[in-house]
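Here's the letter readout for the chains.
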Amino acid sequence: MTPFARLALPLFALAALGAGCAGYRLGSPVPEELRAIHVPAFENNTEYPMVGAVAAQQFLDALIEEGIFEPTDFEHARLRTQVIVTGIAADAVSYDRNNAILPDEYRVTLRARLYAYDARTGETLINGKPVSATDSALTRNDFQTGVMDAIPRLSRKLAQNLLVELHGIAPTAALAPAEPPPPQGE
């Protein structure tokens, strides 16, 4: 191998690596102006008590841990959200070997709808986007207790999925100036 080839090969590999990362962006694409967020208690439309409260707390924890959005009160938040927990579904995935009728493990899905709007412009940024999270639940011969045991895990996964949706916000009005520029004189 010639000295030129020894030098060119690593440079070519470095250039290819750099080209592959050219579109990568560190951080969130959400404009800085929309990062102050208000998260009220989630509306719970399930038959399980406290699902909305647990899911809302998990969402706030995820927002704080990630650090992109800043949870704040209603008056100071530019981005306002509402989440409605719409239901919990369960599908049996395994059965007790001694009783083929009685499932002992379920795949449980927590479903919600996400709404978000810009408080300054009134622009709807997310309008009822369905978001869900799935995990397993062991029944230990008690379906209700098994589902209740899975709710914190499901809520944490749901919080992460809601966060992904918030990172997809790219409003046009958020980047517009607060007041229109003055007309140009002739």
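The structure we're discussing is the one just above.
How each quantity is defined
- Residues numbered from 1 in each chain as written.
- Predicted model: local features only at pLDDT ≥ 70, side-chain atom pairs only at ≥ 80, totals over all residues.
- Heavy atoms only, no water.
- Helix = DSSP H or I, 4+ residues; strand = E, 2+ residues; numbered from the N terminus.
- Buried < 20%, exposed > 50% of the residue type's maximum accessible area, 1.4 Å probe, protein only.
- Contact = heavy atoms within 4.5 Å.
- Expected span 1.5 Å × (residues − 1).
- Arc of directions from axis to C-beta.
- Pairing = 2+ DSSP bridges.

Caption draft 1: Geometry of the side chain of Gln 58. One can find Gln 58 in helix 2 (residues 51-66). The exposure class assigned to Gln 58 is buried, which follows from its relative accessible area of 18%. In this structure Gln 58 touches Pro 152, Ser 155, Arg 156 and Ala 159, once residues within four positions along its chain are discounted.

Caption draft 2: Representation of helix 2 within the structure. Under the 1.5 Å per step criterion, the end-to-end length of helix 2 is 22 Å for 16 residues, consistent within 8% with the ideal 22 Å. Taken residue by residue, helix 2 has Val 51, Gly 52, Ala 55, Ala 56, Gln 58, Phe 59, Ala 62 and Leu 63 as its buried positions. The buried residues of helix 2 occupy one face: seen down the axis, they fall within an arc of 165 degrees. Counted as exposed and oriented over 90 degrees from the buried face of helix 2: Ile 64 and Glu 65. In this structure, the buried residues of helix 2 make contact with strand 1 (36-38), strand 2 (43-44), strand 3 (70-71), strand 4 (79-96), strand 5 (99-118) and helix 3 (143-167). At the C-terminal side of helix 2, Gly 67 shows a positive phi close to 85 degrees.

Caption draft 3: Inspection of the pairing of strand 5 at higher detail. Summarising the sheet, strand 4 and strand 5 pair through 16 bridges and their orientation is antiparallel. Bridge pairing links Leu 79 to Asp 118 in strand 5. Of the strand pairs in this sheet, strand 5 and strand 6 (residues 124-138) are connected by 13 bridges, and their pairing is antiparallel. Across the sheet, residue Arg 113 finds its bridge partner in strand 6, namely Pro 130.

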